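# Chain and residue survey
Residue-level listing of the chains:
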Amino acid sequence: MSEFDFDLFVIGAGSGGVRAARMAAAAGMRVAVAEDRYMGGTCVNVGCVPKKLFVYASSYSEAFEDAAAYGWEGQSGANFVWSRLRDNNAKEVGRLNGIYRNLLNNTGVQIIDGRAKLSGRQQVTVGSDSYTAERILVATGGWPFVPDFPGSEHVITSNEVFSMEDFPRRVLVVGGGYIAVEFAGIFAGLGAETHLSYRRELFLRGFDKDVRKFVRDEVGKKSVQLHFNHDVSAIEKQADGSLKVCAADGGVLEVDTVLYATGRKPNTQGLGLESLGVVVHKDGTIGVDDNFRSSVTSIYALGDVTGGPELTPVALAEAMALVKHWQSGKTAEIDYNNIPTAVFCQPNIGTVGLTEEEARQAGIPVVIFKSDFRAMRHSVSGRDERTLMKLVVDRESDKVIGVHMVGPDAGEIIQGLAVAMKAGATKTTFDQTIGIHPTAAEEFVTMRTPVAE
């Protein structure tokens, strides 16, 4: 009989935690998972899933406008009902919560509702109950970060935006990453007067510069008022409930809601890690080795809390690699190169591999292929929206080392090309591939003329 209550105790029932718990239980381990807030994690509750649903919702306004050119009448009078979208989203999230619970229950994982805290190197406390485990896995994800400034108590984050009581007539989104750019498009598409504030000269730092400039121009066409080099210094609540936003340069904006999307921090506070000797870095991330083991041999961590790529599929891959490591004793195998990703701004971004800037900085001699065109559907609708496609090719090996797209369904297209890159596709491979006509995707296999140096 084991000296522990469980072989594995997982703190956090997000994407990585649930996957690790299920796989470990299927392998015969006795597993418990504790969750105090979001069954299924950020992605299911206040992240990827509801965000994508809201992007779908916001895209209908343009679809109604474009329909007229295709012979449809009576679309211009459509009204958006916020409460219906909000409540239907909540129902879908609730359905997914139930699925996650069933997945855990069906593999024999014990679910413990509550905030877990490490009370020993092999002990976890939830409320007034304590549990022992041979291994403990911390998979608590991230949490929205809002800087401290006068009036910061008046802002909301991505945690609250999906459940707002009323839809704002005027909104300011602050930030320059995925979440900020995505929500600016959502609010504008749903009919709000939308402002996007970023304290530097261009948003989406880390993406290919051509992509960033292209998205700036396209987002600016979609009723999003862009404020670059704009630093919010204070927010004052007015008598009518509206918000007066003061900028460092003296400018003033009056809005009804301010959404801060200024990054996320590891959700590691209050877990008791430091008192046990677990190395926690200044930014809150947990230090782990190649097998996701912390400085305390019985405590592991994966996903956003470790400072790697903050993406749901990465947490899932890490969870599978960790359980395989426990089973085989071999080093966990994770390839963090060429991870594809998408930003669901409007139009979408899809990208995999190196940016042109990264390739040049690494000293790789590159050849660039680029195409900028109007998608076929807009040749009839007349909408002023363009698509960008770009290939970064290693001149010496002919390998495609970066693929970037801005346009409808970019993520769907880039996922397939990520497989090709993983397989080592060269530019010659792309050239020899017959395209599907008429599609936007065929442009990736018909670009022949490189950009002049």
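Preceding block: the structure.
Here we come to helix α1 (residues 15-26). The first and last C-alpha atoms of α1 sit 17 Å apart over 12 residues, in line with the 16 Å expected at 1.5 Å per residue. Where α1 is buried, its residues meet β1 (6-11), β2 (31-35), α2 (41-46), α4 (82-106), β6 (129-138) and α7 (312-328). One or two positions beyond α1, positive phi appears at Gly 28, with a value near 105°.

What follows concerns the side chain of Lys 427. Tracing the backbone through its elements, the reader meets Lys 427 in helix α11 (residues 427-432). Residue class for Lys 427 comes out buried when judged on its relative accessible area of 3%. Within the structure, the side chain of Lys 427 is placed 2.6 Å from the backbone oxygen of Met 447, a separation counted as a polar contact. Filtering out sequence-adjacent residues up to four positions away, Lys 427 remains in contact with Phe 369, Leu 391, Val 393, Asp 398, Val 400, Met 447 and Arg 448.

With that settled, consider the environment of Leu 104. By the secondary structure assignment, Leu 104 is in helix α4. Taking the C-alpha atoms as reference, Leu 104 lies 13 Å from Ala 27; in sequence the two are 77 residues apart.

Next up on the list: the sheet that holds strand β8 (residues 170-174). One open sheet holds the four strands; their spatial order is β10-β9-β8-β14, and the pairing between them is parallel. Every other strand in the sheet has two partners, leaving β10 (224-227) and β14 (257-260) as the edge strands with one partner each. Each adjacent strand pair in this sheet contributes to an overall mean axis angle of 20°, direction not counted. By the bridge criterion, five bridges tie β8 to strand β9 (residues 193-197) in an arrangement that is parallel. Bridge pairing in β9 links Val 173 to Leu 196.

Attention now moves to the nonpolar core. Ranked by internal contacts, the top residues of the largest apolar core, which has 41 residues, are Val 161, Val 181, Phe 187, Leu 196, Val 215 and Ile 349. It is helix α5 (residues 178-189) that provides the largest number of residues to this core, a total of seven residues. Beyond its immediate chain neighbours, meaning those up to four positions away, Phe 187 contacts Val 161, Met 164, Phe 167, Pro 168, Val 171, Val 173, Ala 192, Thr 194 and Leu 259. Leu 8, Val 44, Leu 137 and Ala 139 belong to the second-largest nonpolar core, a separate cluster that totals 29 residues.

This brings us to empty space enclosed by the protein. By the definition in use, this model includes one cavity of 30 Å³ or more. Estimates place the volume of the largest cavity at around 40 Å³. Every residue lining the largest cavity is listed: Pro 144, Thr 157, Ser 158, Ile 179, Tyr 260, Ala 261, Thr 262, Gly 263 and Arg 264.

Tracing the sequence through the fold places Leu 302 in the loop between β16 (299-301) and α7. The class for Leu 302 is buried, based on a relative accessible area of 2%. Between the C-alpha atom of Leu 302 and that of Leu 271, which follows or precedes it by 31 residues, the distance is 15 Å. Excluding anything up to four places from it in sequence, Leu 302 contacts Gly 16, Leu 137, Val 138, Ala 139, Phe 292, Ala 315, Glu 318, Ala 319 and Leu 322.

Cut-offs applied
- Residues numbered from 1 in each chain as written.
- Predicted model: local features only at pLDDT ≥ 70, side-chain atom pairs only at ≥ 80, totals over all residues.
- Heavy atoms only, no water.
- Helix = DSSP H or I, 4+ residues; strand = E, 2+ residues; numbered from the N terminus.
- Expected span 1.5 Å × (residues − 1).
- Contact = heavy atoms within 4.5 Å.
- Buried < 20%, exposed > 50% of the residue type's maximum accessible area, 1.4 Å probe, protein only.
- Polar contact = N/O pair within 3.5 Å; in protein donor to acceptor, adjacent residues only side chain to side chain.
- Pairing = 2+ DSSP bridges.
- Axes fitted to C-alpha atoms, helices over the stretch in contact; angles between N-to-C directions.
- Core = buried A, V, L, I, M, F, W, Y, C linked by side-chain atoms within 4.5 Å.
- 1 Å grid on protein atoms, 1.4 Å probe; cavity = no way out; pocket = protein on both sides within 12 Å on 5 of 7 lines; lining within 4 Å.
- Points joined across faces, edges and corners; volume = space filled by probe spheres on them.

Take it as geometry only, folks, not as evidence of what the structure does.
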